[in-house]
Amino acid sequence: MFEPVQDNPYPDSHVLGEGPDPHPLLGPVLPLLGRWHGSGEGEYPTLEADFRYEQEVTFSHDGRPFLRYEARAWLIDGSGAAVRPAGREAGWWRVTPDATLEVVLAHPTGIVETYVGRASGAEFVIETKDVSLTPLAKEVTATRRRYTVEEDRMTVLHDMAAVGLPLQHHLTTRLRRRP
């Protein structure tokens, strides 16, 4: 009834030298490539309390001029024990010939963000161009993210404007590259 199908001949790679060669346009964002894991802290004026979380992030490619991005986070308590799943997002990072970044991220909470930004050495700054919301999504009007990579460490600073408040600090995440 079903004909046999081959395994995907174009798998994603998150390690340089494994899988397909990265597209030349990806040169400015290659420091992001990898599987990352770490922890962070979050705050926002509308929250009852600050919070701590752990997160895993993957940047990979299949040889074409974009990165696939996925991030998952879970809340942790004061001792570092997992409490419950938290933020999750997936999307795509494109690089133009002048190193401008175009990013699309989707969240399961009904938020889709398009970003523009720049790659500058080991720093990647993106700011929302547009935010689309489903009818029941929390009101988010703008975000800004700064990714800084130093060898096998990444720091992510995330600012957000939401629920009537102006753009302000929301998350700080420190990650290490995993093999």
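Residues numbered from 1 in each chain as written. Predicted model: local features only at pLDDT ≥ 70, side-chain atom pairs only at ≥ 80, totals over all residues. Heavy atoms only, no water.

### A few points about the sheet that holds strand β4 (residues 82–95)
Pairing is antiparallel in the closed barrel, where 10 strands are placed in the order β1-β2-β3-β4-β5-β6-β7-β8-β9-β10. Taken over all neighbouring pairs, the strand axes of this sheet differ in orientation by 25 degrees on average, direction set aside. The sheet contact formed by strand β6 (residues 111–120) and strand β7 (residues 123–133) spans 10 bridges and is antiparallel. Bridge assignment links A119 to a residue of β7, and that residue is F124. (Pairing = 2+ DSSP bridges. Helix = DSSP H or I, 4+ residues; strand = E, 2+ residues; numbered from the N terminus. Axes fitted to C-alpha atoms, helices over the stretch in contact; angles between N-to-C directions.)

### Looking at the packing of aromatic side chains
Within the structure shown, the criterion is met by 7 aromatic pairs. Taken together, a centroid distance of 5.3 Å and an interplanar angle of 80 degrees make the contact between F59 and W93 edge-to-face. With a gap of 34 residues between them, F59 in strand β2 (residues 51–60) and W93 in strand β4 connect regions that are remote in the sequence. W93 shares its class with F59; the two are buried. Their ring planes at 90 degrees and their centres at 5.4 Å tell us that F66 and W92 sit as a pair that is edge-to-face. (Phe/Tyr/Trp six-rings, centres within 6.5 Å; stacked < 30°, edge-to-face > 60°. Buried < 20%, exposed > 50% of the residue type's maximum accessible area, 1.4 Å probe, protein only.)

### Side note on unusual backbone geometry
Trans peptide bonds make up the majority, and among non-glycine residues the majority have a negative phi. Even without glycine at this site, A99 takes up a positive phi of about 70 degrees. Following the sequence through the fold, A99 ends up in the loop between β4 and β5 (100–107). Of note, the phi angle at E151 is positive, near 55 degrees, even though the residue is not glycine. Relative to the assigned elements, E151 resides in the loop between β8 (140–150) and β9 (153–162). The exposure class of E151 is exposed, given its relative accessible area of 73%.

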